[in-house]
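Observations on the model geometry
Below, each chain spelled out in residue letters.
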Amino acid sequence: MDIQGNGYISIEQLKDQYLGRKIPVRKATDGGAPKGLSFQDVLQQKTVGESGSLKFSKHAMGRLADRNIELSDTQLERLESGTRKAEQKGIRDSLVIVDQLAFIVNVPNQTVVTAMDSTETEDNIFTNINGAVII
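Each chain has its residues counted from 1, running along the sequence as written. Note on the predicted model: pLDDT of at least 70 is required for a residue's local features to be given, and 80 or more for side-chain atom pairs to be given and counted; whole-chain, interface and lining totals, by contrast, use all residues. Hydrogens and water molecules were not included; the side-chain quantities draw on all heavy atoms of the structure.

This paragraph deals with the sheet that holds strand 1 (residues 55-56). Two strands form a pair only when DSSP identifies at least two bridges running between them. For helices the rule is a DSSP run of H or I covering at least 4 residues; for strands it is a run of E covering at least 2, with both sets numbered from the N terminus onward. Within the open sheet, the five strands sit side by side as 1-4-3-2-5. Their pairing is mixed. This sheet does not close on itself; its edge strands, each paired only once, are strand 1 and strand 5 (131-134). Any two residues whose heavy atoms approach within 4.5 Å at even a single point are treated as in contact. Here, axes are lines fitted to C-alpha atoms. For helices the fit covers the stretch in contact, and angles between N-to-C directions go from 0 to 180 degrees. Contacting strand 1, strand 2 (93-98), strand 3 (101-106), strand 4 (111-117) and strand 5, helix 4 (residues 73-88) runs over the sheet at an angle of about 145 degrees to strand 2.

Structure below.
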């Protein structure tokens, strides 16, 4: 049966069009994963962010708002620097002190768990940490 002249395409033509065609491989420049990175590496970059910046938990954001604490860009950079130093030393849950501000950071997750003005803490006792960084 000749269906070529009807404006219809044959199954063979359809097969060649979709199955015989090579699917272009996405490159790193067009939004695909860069070569050499594993799925976990890409997932971590997307979760943590390209710059490796810290995340703030909902609890930490609430504490910052309740205590009227605003971080300057330099304080945030110092907090990130302190977290990197804690990571290099193998600290999992760290107290990071920046100026008069105290932060508890879960280092593997790059997440600030809570924040406080160090002058407001009762007895200056911090629990559930295994290291401290003073910046």
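Our next topic: the pairing of strand 2. Of all six residues in strand 2, five are buried, a share of seventy percent or more. By the bridge criterion, six bridges tie strand 2 to strand 3 in an arrangement that is antiparallel. Residue pairing in the sheet places Ser94 in a bridge with Val105 of strand 3. Hairpin geometry of strand 2 and strand 3 is characterised by an intervening segment of two residues between the two adjacent antiparallel strands and by a positive phi of about 55 degrees at Asp99. One ladder, built from four bridges, connects strand 2 with strand 5; its direction is parallel. Bridge pairing in strand 5 places Leu95 opposite Ala132. Only protein chains enter the accessibility calculation, which uses a 1.4 Å probe. A residue is then buried if its area is under 20% of the maximum for its type, exposed if over 50%, and partly exposed in between.

So, about the confidence of the model for the protein. Note that predicted coordinates carrying low pLDDT should not be read in detail. Residue-level confidence of the predictor, termed pLDDT, takes values from 0 up to 100. Averaged over the protein, the pLDDT score is 78; the fraction of residues at 70 or greater is 67%. Ranking the elements of the protein by mean pLDDT puts helix 2 (residues 39-48) last with 60 and strand 2 first with 95.

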